[in-house]
Amino acid sequence: MEISSAIFDCSSPDLDSCPDESLPEFAFIGRSNVGKSTLLNMLAGKEGLARTSPKPGFTKLINIFTMNKTWRLVDLPGYGFAEGAKKDSSRFNHAVSEYLKQRTNLCLVFALIDSGLEPQDIDLEFIGWLVRNAVPFVLVFTKTDKVTPTMMQANIAAFTARISEWFEKLPAIFICSATTGQGRQELLGVIDESMTAIQAEQATVSTEGLPVGSRKTLEARKKRPDRNRPW
Ligand SMILES: Nc1nc2c(ncn2[C@@H]2O[C@H](COP(=O)(O)OP(=O)(O)O)[C@@H](O)[C@H]2O)c(=O)[nH]1
Ligand SMILES: [Mg+2]
């Protein structure tokens, strides 16, 4: 899949102000500074689309971008940044948790982990939260250009060892670098597969007389977190 148009949609402070749920969404989440916005830009093929920063805690809003006029990438505020306005950070954490739990057109979350670090408690806790709330996700190890392959493999193995007991089958793992472009085609491939599955599902649902994208249709998708997905 290639991206022919990538457009900034809006910045929302909470779930209620997010745009309608008519388009499938793929969201980036991870610790502040893990590389969410940079990876989003790399996937979109458009530098500067999502604002990036060497300083953590920059993205405080749910930033939404529409790709190829048919699906969206969502840059969520990072977790684990305690400095700054405490009031705001708790509010945004709430917005993120509402978005992840209730956004019915959310197809898949890319949970980003820094490939240069040993397993961090905050990431493990967050992955546990995703599992408990049945949010569908894949793991994306970032910034692979900054570590040796040996170190990266050791960090990934240590991370998966810590979470493996939570799964019958581990979630898919991707290794990415926004600097070298590593992992771009693989992540776009997952989105492509997911879009194909949704289109097939929507075709079935609409023949049952429910408008595609309506609450009811989406309620029907409460089975959304399909642990048996191929990825
Ligand atoms: N070397 C390297 N640096 C990266 C990569 N991805 C992001 N960065 C840098 O990490 C910092 C944080 O990136 P950003 O995308 O703003 O992180 P976010 O807070 O998760 O959105 C920035 O200085 C980026 O240039 C990567 O793949 N390789
Ligand atoms: Mg960011």
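Since the model is a prediction, treat every value here as computed from it, not as a measurement. (Residues numbered from 1 in each chain as written. Chains lettered and ligands numbered in written order. Predicted model: local features only at pLDDT ≥ 70, side-chain atom pairs only at ≥ 80, totals over all residues. Heavy atoms only, no water.)

(A) Region of interest: the overall build of the protein chain. Across its full length, the protein chain holds six helices and seven strands. Scanning the protein chain from its N terminus toward the C terminus, one meets helices and strands in the order β-β-α-β-β-α-β-α-β-α-β-α-α. Within the span of the protein chain, comprising 231 residues, buried residues form 50% of the whole. Split by element, the accessible area of the protein chain, about 11500 Å² in all, is 52% carbon and sulfur. (Helix = DSSP H or I, 4+ residues; strand = E, 2+ residues; numbered from the N terminus. Buried < 20%, exposed > 50% of the residue type's maximum accessible area, 1.4 Å probe, protein only. Areas by Shrake-Rupley, 256 points an atom, 1.4 Å probe, with all protein chains shown as cover.)

(B) Structural detail: helix α4 (residues 149–163). Compared with the 21 Å implied by 1.5 Å per residue over 15 residues, the 21 Å span of α4 between its first and last C-alpha is a close match. Next to the buried residues of α4 lie β5 (106–114), α3 (121–132), β6 (137–142) and β7 (173–175). (Expected span 1.5 Å × (residues − 1). Contact = heavy atoms within 4.5 Å.)

(C) Highlighting the site of ligand 1. Around ligand 1 sit 17 residues, and of these N33, K36, T38, D145 and A178 come closest. The contact in question runs from an oxygen atom of ligand 1 to an N or O atom on the backbone of S53, over 2.9 Å. Measuring from an oxygen atom of ligand 1, one finds a backbone N or O atom of A178 at 2.7 Å. Taken by itself ligand 1 offers 580 Å² of open surface, and the protein chains cover 81% of this. One can see that ligand 1 is located within the largest pocket. (Near = heavy atom within 4 Å. Polar contact = N/O pair within 3.5 Å; in protein donor to acceptor, adjacent residues only side chain to side chain. 1 Å grid on protein atoms, 1.4 Å probe; cavity = no way out; pocket = protein on both sides within 12 Å on 5 of 7 lines; lining within 4 Å. Sits in = over half its atoms within 2 Å of the grid points.)

(D) Representation of the confidence of the model for the protein chain. With 82% of its residues at a pLDDT of 70 or more, the protein chain shows a mean pLDDT of 86. Counted against residues more than four places away or in other chains, residues 211–218, with its pLDDT under 50, gives 15 contacts. Counted against residues more than four places away or in other chains, residues 225–231, with its pLDDT under 50, gives 17 contacts. (pLDDT = per-residue confidence, 0-100.)

(E) Up close: the layout of surface pockets. Considered as a void within the structure, the largest pocket measures approximately 600 Å³ in volume. Along the walls of the largest pocket sit 32 residues, with G35, S37, T38, T52 and S53 positioned nearest its centre. Take the lining of the largest pocket: its biggest share by element is six residues, from helix α1 (residues 36–44). Looking at the lining of the largest pocket, its residues break down into eight nonpolar, 16 polar and eight charged. Around the second largest pocket sit I29, P77, Y79, G80, N93, V96, S97, I122, E125, F126, W129 and R132, which together line it. When residues of the lining of the second largest pocket are traced back to their parent elements, those giving at least two are α2 (86–102) and α3. Here the lining of the second largest pocket gets five residues from one element, more than from any other, and that element is α3. (Points joined across faces, edges and corners; volume = space filled by probe spheres on them. Nonpolar A, V, L, I, M, F, W, Y, C, P; charged D, E, K, R; others polar.)

(F) Representation of the nonpolar core in the model. Core analysis: the largest hydrophobic core is formed by 34 residues, its most contacted members being L76, Y99, L100, I127, L130, F137 and L139. The set of elements that each furnish at least two residues to this core consists of β2 (25–30), β3 (62–67), α2, β5, α3, β6 and α4. The element best represented in this core is α3, accounting for six residues. In terms of nonpolar packing, the next biggest core, distinct from the first, is built from 31 residues, F26, A44, V140 and C176 among them. (Core = buried A, V, L, I, M, F, W, Y, C linked by side-chain atoms within 4.5 Å.)

(G) Spotlight on the pattern of salt bridges. Applying the stated criterion to the full structure yields eight salt bridges. In this structure, R103 and E25 form a salt bridge, with 2.8 Å as the shortest nitrogen-oxygen distance. Of this pair, R103 sits in the loop between α2 and β5 while E25 sits in strand β2; the two residues are 78 residues apart in sequence, bridging distant segments of the chain. The exposure classification of R103 matches that of E25, with both residues buried. Here R162 makes a salt bridge to D121, at a shortest N to O gap of 3.9 Å. Linking R162 in helix α4 with D121 in helix α3, this pair joins segments that are 41 residues apart in sequence. The exposure class of D121 is exposed, given its relative accessible area of 52%. One salt-bridge network, held together by shared partners, links D9, D20, E21, E25, R72 and R103. (Salt bridge = Lys/Arg side-chain N within 4 Å of Asp/Glu carboxyl O.)

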